[in-house]
Amino acid sequence: MTNVAAIQMASGPQPQSNLLEAKRLLKEAAGKGAQLAVLPENFAMMGMQDEDVLKIAEEPGAGPLQAFLAEQARRLGLWLVGGTVPLRSGRSDRAISACLVFNDQGQRVARYDKIHLFDVRIPDGDEHYAESRIYEPGDHIVTLDTPFGRMGLAVCYDLRFPELFRGLLDQGAEFVAMPAAFTAQTGQAHWDILLRARAIENQLFMLAAAQGGFHVNGRETYGHSALVDPWGRVVAQLGRNPGVLVADLSCDCVGRIRTLFPAVHHRRLSCEVQVSTTGT
């Protein structure tokens, strides 16, 4: 068994305040025995305007946000999935939403750039989002070996794209760490369903750390950070407010489920599908 933690926040527009809160919650997680912790998407800033994130974008490998993550991982002796950090791209008007992983020595061991950008208008409401206005999308999936099993990475809106998770499965993922910031409306409708679906169809753990609550910029996020097991059971879940979820994850469970109920081995992707049509 591995104690893992999902950190839930309601980040605001002031990075320093958010870092202090993240530091407090990570310390709590480590105090409860967590060996791996996941921060939410945009943990360091939920700006008043979308463009605010460009002001704190950092060069890869250098900057206060990346230094903070490395320091916390090293100081607390835990593996840390650092939510998302805005990194500079080749354009002054675009950043990259990067999920960085640090080992317990404070060394960066992986980087995943968010592939699917949230460009939507919420049905039956006035909310609309256009992440492609400020972010460049990533173009490759990422898995890595950890002391706790092989981990895949995904971010928020990625959850709606099952082909990404099939790719993580094909790269050997036994659990997926997923920072997120689901809106209150989309979270209520789809969060639990999608987390459980991705866990069930790929027979792996989903460890999701979300933003949760009301934000200074007027946005409301759903929260409900969770650990879901390969059978689709919700092992542990928070409510909407900030806090720390600590629960047990065992990749032995993944192997057992995949052996007893080998659905992932029954895939027949190479089969040709014959389509017949009839006229009238």
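Residues numbered from 1 in each chain as written. Predicted model: local features only at pLDDT ≥ 70, side-chain atom pairs only at ≥ 80, totals over all residues. Heavy atoms only, no water.

Peer 1: Would you explain the pattern of salt bridges in this entry?
Peer 2: Oppositely charged side chains can form a pair if their charged atoms are brought close together. Taken as a whole, this structure holds 17 salt bridges when the rule is applied. Residue R150 pairs with D145 through a salt bridge whose shortest N-O separation is 2.9 Å. Residue R240 pairs with E220 through a salt bridge whose shortest N-O separation is 2.6 Å. Residue R240 is found in the loop between β17 (234-237) and β18 (243-249), and its partner E220 is found in strand β15 (residues 220-222); the two are separated by 20 residues along the sequence. Salt bridges sharing common partners tie together R91, D93, R94 and E136. (Salt bridge = Lys/Arg side-chain N within 4 Å of Asp/Glu carboxyl O. Helix = DSSP H or I, 4+ residues; strand = E, 2+ residues; numbered from the N terminus.)

Peer 1: What exactly am I supposed to notice about the side chain of K114 here?
Peer 2: Structurally, K114 is set in the loop between β6 (108-113) and β7 (119-121). Look at K114 and you get buried, because its relative accessible area is 1%. Reaching out from K114, the side chain makes a polar contact with the side chain of E41 at a distance of 2.9 Å. When sequence neighbours within four positions are dropped, the list of residues in contact with K114 reads E41, S97, E131, E136, P137, G138, V155, C156, Y157 and D158. (Buried < 20%, exposed > 50% of the residue type's maximum accessible area, 1.4 Å probe, protein only. Polar contact = N/O pair within 3.5 Å; in protein donor to acceptor, adjacent residues only side chain to side chain. Contact = heavy atoms within 4.5 Å.)

Peer 1: How should I be thinking about the packing of helix α3 (residues 162-170) against helix α4 (residues 184-202) in this particular structure?
Peer 2: Each pair of packed helices can be described by the angle between their axes along with the distance between the axes. Running from amino to carboxyl end, α3 crosses α4 at an angle of 40°, the nearest separation of the two axes being 10 Å. Classified by the angle their axes make, α3 and α4 are oblique. Along this stretch, α3 crosses α4, giving a crossing that reads as right-handed. Counted together, P162, F165, R166 and L169 of α3 and R198, E201 and N202 of α4 form the full contact between these two elements. (Axes fitted to C-alpha atoms, helices over the stretch in contact; angles between N-to-C directions. Parallel < 35°, antiparallel > 145°, perpendicular 65-115°, else oblique. Left-handed = near helix turned anticlockwise from the far one by under 90°.)

Peer 1: Quick question: what am I supposed to make of helix α5 (residues 251-260) here?
Peer 2: Every α-helix winds through 3.6 residues per turn, so residues three or four apart in the chain are directed the same way. Looking at α5, one finds that the buried residues are C251, V254, I257 and R258. The arc that holds the buried residues of α5, viewed along the axis, is 110°, so those residues lie on one side. Turned more than 90 degrees from where α5 packs its buried face, D252, R256, T259 and L260 sit exposed. Where α5 is buried, its residues contact β11 (149-153), α3, β12 (175-180), α4, β13 (205-210) and β18. (Arc of directions from axis to C-beta.)

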